[in-house]
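# Structural overview
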Amino acid sequence: MHQGRFDTLAIHAGQSPDIASGAVMTPIVLSSTFAQDGPGVHKGYDYSRAGNPTRTALEGCLAALEGASDAIAFSSGCAATTAILMMLKSGDHVLSGDDVYGGTFRIFDKVMKQFGVTADLIDMADPAKVEAALKPNTKMIWLETPSNPMLKIFDIERIAALAKKRGILCVVDNTFATPYLQSPLALGADLVVHSATKYLNGHSDVVGGCVMTSNKELGETLHFLQKAVGSVPSPFDCYLVLRGLKTLGVRMRQHVQSARTLAEYLEGHAQVARVIYPGLASHPGHAVAQKQMRGFGGMISFDVKGGLPAATKFLKSLQVFACAESLGGVESLAEHPAIMTHASLTAEGRAALGIGDGLLRLSVGIEDVSDLREDLDRGFRAALS
Ligand SMILES: *Cc1c(COP(=O)(O)O)cnc(C)c1O
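Just so we're clear, the structure is a prediction, and the values are computed from it rather than from any experiment. (Residues numbered from 1 in each chain as written. Predicted model: local features only at pLDDT ≥ 70, side-chain atom pairs only at ≥ 80, totals over all residues. Heavy atoms only, no water.)

## Focus: the site of the ligand
This is how it is decided: Being near a molecule or strand, for a residue, means having at least one of its heavy atoms within 4 Å of it. Pairing of N or O atoms within 3.5 Å defines a polar contact, subject to two protein rules: one partner must be a possible hydrogen donor and the other a possible acceptor, and residues neighboring in sequence count only if both atoms are side-chain atoms. All accessible areas in this document rest on Shrake-Rupley with a 1.4 Å probe, and a residue is counted as covered only by the protein chains that are shown. Under the grouping applied here, Gly and all other residues not named as nonpolar or charged are polar, the nonpolar ones being Ala, Val, Leu, Ile, Met, Phe, Trp, Tyr, Cys and Pro and the charged ones Asp, Glu, Lys and Arg.
Taken together, the neighbourhood of the ligand is formed by Ser76, Gly77, Cys78, Tyr101, Glu144, Asp173, Thr175, Phe176, Ser195, Thr197, Lys198 and Gly208. Glycine 77 has a polar backbone atom sitting 2.9 Å from an oxygen atom of the ligand. Coverage of the ligand by the protein amounts to 92% of the 380 Å² it exposes when considered alone. Residue classes in the shell around the ligand are distributed as three nonpolar, six polar and three charged.

If you want it as structure tokens, here you go:
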């Protein structure tokens with residue numbers, strides 16, 4: 001079934017009762033190979049790297065949620081990113097947002113470079129700067145919005161229009177927003193990439209990724225790369241993401257509501273030097289976020305006064321928030337970007353982005369928000385001690 005609104009698609013798209021048994025929930029098909037009626041005559045599956053029924057169900061659901069004609073599932077977000085970059089050739093150039101996911105930067109810097117694909121990172125908050133930074137060999141623009149951890153907002157519609165005018169592919173990493181809050185393809189992007197590890201699965205028990213597109217040719221190329229390179233998700237992981245997707249809308253509504261409550265609480269707190277949340281009027285990208293998002297997400301970054309000692313005491317005292325990397329699960333997480341997720345950047349690189357020693361990043365979960373606020377209170381009391 002591919003009809004209906006978001007919450008209906010999340011539960012039904014790509015899935016129908018199993019023909020053999022009537023099972024309402026999608027079976028986990030573990031078989032690596034499929035019987036053929038005769039040589040080359042089969043039911044659409046011959047070998048599980050090339051195609052698997054559980055994966056097909058997941059891809060159908062992912063495509064429907066992103067409003068795409070095709071979804072291609074991978075074994076991680078980084079595998080999805082790599083597959084997209086493998087469409088480029090030696091000599092090509094990628095222009096990327098500066099606050100891009102660390103693993104994505106590492107693929108640009110340490111993997112693609114040796115194949116002759118170069119990348120430049122710039123602040124894309126001003127689309128005029130994007131135009132100025134395009135080179136004759138720029139073949140792809142890579143946008144991550146909201147970005148991580150500074151939650152910068154880039155104007156997808158304007159940047160995608162610029163890319164289209166020059167025949168450049170526009171890719172949006174939609175991991176932080178999810179298709180519930182932001183639809184990059186409708187805003188003109190050619191490709192959407194996700195770490196399904198985060199909100200799509202939503203329960204911090206799978207590593208996965210996917211790419212969505214409504215361009216048939218790109219879809220075919222990516223399906224080919226999925227099969228040829230082979231970084232495919234296991235049937236069990238596909239099942240788990242499919243299960244997680246069913247509650248994506250319900251979860252996102254709570255993530256957004258609780259994050260707003262906590263962002264406002266933090267903005268009024270005497271021990272907080274700065275709160276970064278796209279839903280606050282104080283955020284420089286607030287107007288663009290309001291234009292292109294249907295809600296401002298569940299991630300908050302803030303600077304606690306007192307630098308590293310205060311930030312460390314704060315994190316160590318939390319009881320509901322776990323001190324951990326990653327994001328997007330039902331459980332709340334808090335982390336220190338300079339020491340944890342963004343340690344691979346140089347000190348100058350972090351300083352240029354505004355990632356200081358007092359910066360903390362919250363992935364606001366869906367526990368009772370009063371318990372979350374009390375936990376932050378506990379952190380602030382500890383930071384003062
Ligand atoms: C986690 C993440 C990735 C990479 O995904 P993995 O599943 O960890 O490989 C890419 N982009 C963003 C924004 C992420 O948060």
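## A word on unusual backbone geometry
Our working definition: Under the DSSP-based scheme used, a helix requires at least four consecutive residues in state H or I and a strand at least two consecutive residues in state E, with every element numbered from the N terminus.
In the segment running from threonine 145 into proline 146, the intervening peptide bond is cis, with an omega of -5°. Mapped onto the fold, proline 146 is located in the loop between strand S4 (138-144) and helix H6 (156-166). Here the bond from asparagine 148 into proline 149 is cis, since omega is 5°, no more than 30 degrees from zero. Mapped onto the secondary structure, proline 149 falls in the loop between S4 and H6.

## Overview of the environment of valine 130
Put simply, the test is: Note on definitions: a residue-residue contact is assigned when non-hydrogen atoms from the two residues lie within 4.5 Å.
Note on placement: valine 130 falls in helix H5 (residues 127-133). Linking valine 130 and aspartate 377, residues 247 residues apart in sequence, is a C-alpha distance of 41 Å. Those residues in contact with valine 130, other than ones at most four positions away along the chain, are Leu95, Ile122, Met124, Ile141, Ile159 and Leu162.

## Examining the packing of aromatic side chains
Given two aromatic rings, their pairing is described by the distance between the two centres and the angle made by the two planes. What counts, and what does not: Note on aromatic contacts: the rings of Phe and Tyr and the six-membered ring of Trp form a pair at centre separations within 6.5 Å, being stacked when their planes are under 30 degrees apart, edge-to-face when over 60 apart, and tilted otherwise.
Overall, the coordinates contain seven aromatic pairs when judged by the stated rule. Of the aromatic side chains, those joined through ring pairs into one cluster are Tyr265, Phe302, Phe314 and Phe380.

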